[in-house]
Amino acid sequence: MAALSVYSEGVSAIILRMPAPKDSPPPFRDADKRAVLKNHYLFSKLGAKHIDRLAACVVGKSVARGTSIFAKGDPGSCLFAICEGTVKISVPSVDGRDAVFNLIGKGDIFGEIAMLDGRPRTADVVAITDCELFIIERRDFLPLVREEPEIALKLIEILCARLRHTSEQVENLMFLPLPGRLAKALLRLSEGDGRSCERKAVVTQKDLANIIGMSRESTNRQLRIWEEQEWVRLERGGIVILSAKALERIAESDTEGA
């Protein structure tokens, strides 16, 4: 019995010293939730009482790159806020090509349409990087919208911005030639690091082609031309803009020879 006890204690000590699995990150603390909510543009005007109430309802979720968060037609009962990472919003077609509506990242929200009207999801959402998300259920969120007009106004602003973006995307597809569409998309999707003039769009050429409604081959051909002119640099998983001014000139023109 003594030997068994010593063995058990040894096993327990080993288990206690073992590191936690990497795919099981620690849950968000309430303090972390409150900090994110206070800094988020949608919730920043809320008082401490409402922040605390909302933080108690928020669920944190880690999502690995390539994971489907939800699909078009799924029941929609919650809102998602991105704490870290980037997601792709798209609609699949019967021929296997996706119509990519948007790529959104840290600080953005998605899933608001189905959450507000209670109807099915309108698009597919996939994590294109590892993501940290906050999830807020409809039953917890709607009472706050009724009590706090500021949240309702912010939601209206978000929905209007999404509608403007969709309208511009349709207009570009109908009227702009490939170079103009591509330049606009790259400028919109790119971010700088604050230390150099370079800006990087973290997007695959396939997704970029689907965003502008062109084939991957045509998109790659145009990017190669710009790479020869040293306006962009093609990298694995992204495109670095070396001359934003050159792309801005093309994006502002509506002629093929810009």
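Visitor: Can you walk me through the overall build of the protein chain in this structure?
Guide: A tally of helices and strands in the protein chain yields 10 helices and 12 strands. In the protein chain, buried positions account for 38% of the 258 residues. Of the contacts formed within the protein chain by residues at least 6 apart in sequence, a portion of 68% connects residues at least 24 apart. Accessible surface, the protein chain as shown: approximately 15,200 Å² in total, 55% of it carbon and sulfur.

Visitor: I keep staring at the packing of helix α2 (residues 30–39) against helix α3 (residues 48–57) and nothing clicks. Help me out?
Guide: In a pair of packed helices, the angle between the axes and the distance between the axes together describe the arrangement. α3 packs onto α2 with a crossing angle of 120 degrees between their chain directions and a minimal axis gap of 9 Å. Classified by the angle between their axes, α2 and α3 sit oblique to one another. When you trace α2 past α3, the crossing you get is right-handed. Mapping the contact onto sequence places Asp-30, Lys-33, Arg-34, Leu-37 and Lys-38 in α2 and Ile-51, Asp-52, Leu-54 and Ala-55 in α3.

Visitor: Can you walk me through the sheet that holds strand β2 (residues 68–70) in this structure?
Guide: Backbone-to-backbone hydrogen bonds join strands into a sheet, with any given pair of strands oriented parallel or antiparallel. What the 4 strands build is an open sheet, ordered β2-β7-β4-β5; its pairing is antiparallel. For this open sheet the edge positions go to β2 and β5 (98–104), each flanked by a neighbour on one side alone. For this sheet, the mean inter-axis angle between neighbouring strands, taken without regard to orientation, is 30 degrees. As paired strands, strand β4 (residues 87–92) and β5 are joined by 6 bridges and run antiparallel to one another. By the bridge assignment for β5, Val-91 is matched with Ala-99. The strands that helix α8 (residues 205–212) touches are β4 and β5; relative to β5, the one it contacts most, it runs at about 105 degrees.

Visitor: Could you clarify how one ought to interpret the packing of aromatic side chains in this entry?
Guide: One pair of aromatic rings is described through two measures. These are the centre distance and the angle between the planes. Applying the stated criterion across every chain yields a total of 4 aromatic pairs. Where Phe-43 meets Phe-141, the ring centres are 6.2 Å apart and the plane angle is 85 degrees; that geometry is what we call edge-to-face. Separated by 98 residues along the polypeptide, Phe-43 in the loop between α2 and α3 and Phe-141 in helix α5 (residues 138–147) bring together distant segments of the chain. Of the two residues, Phe-43 and Phe-141, neither departs from the other in class, the shared state being buried.

Visitor: Quick question: what am I supposed to make of the pattern of salt bridges here?
Guide: Close approach of charged atoms allows side chains with opposite charge to pair. With the rule as written, the count across this model stands at 11 salt bridges. Between Glu-235 and Lys-200 there is a salt bridge; the shortest N-O distance is 3.1 Å. With Glu-235 in strand β11 (residues 232–235) and Lys-200 in strand β10 (residues 199–201), the pair connects residues that are 35 residues apart, well separated along the chain. Using a relative accessible area of 31% as the deciding quantity, one classes Glu-235 as partly exposed. On the accessibility criterion, Lys-200 (30% relative accessible area) is partly exposed. The residue Glu-227 makes a salt bridge to Arg-224 at a minimum N-O spacing of 3.1 Å. In this pair, Glu-227 and Arg-224 are both assigned in helix α9 (residues 216–228), 3 residues apart and thus about one turn of the helix distant.

Visitor: I keep staring at the confidence of the model for the protein chain and nothing clicks. Help me out?
Guide: The predicted coordinates ought not to be read in detail in places where the model reports low pLDDT. Per-residue confidence for the protein chain gives a mean pLDDT of 82; residues scoring 70 or more make up 85%. A low-confidence stretch, residues 1–26 (pLDDT under 50), is modelled with 1 contact involving residues beyond four sequence positions or located in other chains.

Visitor: When you look at α8 in this model, what are you seeing that I'm missing?
Guide: Residue pairs three or four apart in sequence face the same way in an α-helix, which turns once every 3.6 residues. Counting buried positions over the 8 residues of α8 gives 7, a clear majority of the element. Those residues of α8 that sit buried are Gln-205, Asp-207, Leu-208, Ala-209, Asn-210, Ile-211 and Ile-212. Where α8 ends, the next residue or the one after it, Gly-213, has phi of about 70 degrees, a positive value.

Visitor: What's the story with α9 in this structure? I'm lost.
Guide: If you check α9, its first and last C-alpha atoms are 18 Å apart, about what 13 residues at 1.5 Å a residue would give, namely 18 Å. Taken as a whole, α9 has its buried residues at Ser-218, Thr-219, Asn-220, Gln-222, Leu-223 and Trp-226. Next to the buried residues of α9 lie α7 (178–189), α8, β11, β12 (238–241) and α10 (244–252). Downstream of α9 by a residue or two, Glu-230 has a phi angle that is positive, lying close to 60 degrees.

Visitor: What am I meant to see in the side chain of His-50 here?
Guide: Structurally, the position occupied by His-50 is in helix α3. Note on His-50: relative accessible area 13%, which makes it buried. When sequence neighbours within four positions are dropped, the list of residues in contact with His-50 reads Leu-144, Glu-147 and Glu-148.

Visitor: Would you explain the sheet that holds strand β3 (residues 78–84) in this entry?
Guide: With antiparallel pairing, the 4 strands of this open sheet are ordered in space as β1-β8-β3-β6. Two strands close off the open sheet at either side, each with one partner strand: β1 (59–63) and β6 (109–110). Where β1 meets strand β8 (residues 131–137), 5 bridges bridge the pair, whose relative direction is antiparallel. Across the sheet, the residue bridging to Val-63 is Cys-131, located in β8. Here α5 sits on the sheet in contact with β3 and β8, set at roughly 70 degrees to β8.

So, how was this worked out
Note that residues are indexed from 1 along each chain, following the sequence as it is written. Side-chain atom pairs in this predicted model are given and counted only at pLDDT of 80 or more, local residue features only at pLDDT of at least 70, and totals for whole chains, interfaces and linings cover all residues. Values reported for side chains reflect all heavy atoms of the structure, with hydrogen atoms and water molecules removed beforehand. Here a helix means four or more residues in a row that DSSP labels H or I, a strand means two or more in a row labelled E, and each is numbered from the N terminus. Only protein chains enter the calculation, and the probe is 1.4 Å; a residue is then buried if its accessible area is under 20% of its type maximum, exposed if over 50%, and partly exposed in between. Every residue pair with non-hydrogen atoms within 4.5 Å of one another is taken to be in contact. The protein chains shown are the only cover counted for residues, whose accessible areas, like all others here, come from Shrake-Rupley with a 1.4 Å probe. Where helices are involved, their axes are fitted lines through C-alpha atoms of the stretch in contact, as for all axes, and angles between N-to-C directions lie from 0 to 180°. Should an angle lie under 35 degrees it is considered roughly parallel, over 145 roughly antiparallel, and from 65 to 115 roughly perpendicular; all remaining angles are considered oblique. Should the near helix be turned counterclockwise from the far one by less than a right angle, the crossing is left-handed, whereas a clockwise turn marks it as right-handed. Two strands pair under a simple rule: DSSP has to find at least two bridges between them. By convention, a stacked pair of Phe, Tyr or Trp rings (six-membered ring in the case of Trp) has centres within 6.5 Å and planes under 30 degrees apart, an edge-to-face pair has planes over 60 apart, and any other such pair is tilted. Any carboxyl oxygen of Asp or Glu within 4 Å of a side-chain nitrogen of Lys or Arg constitutes a salt bridge here. Residue-level confidence of the predictor is what pLDDT reports, using numbers from 0 through 100. For a helix, the expected span equals 1.5 Å multiplied by the residue count minus one.

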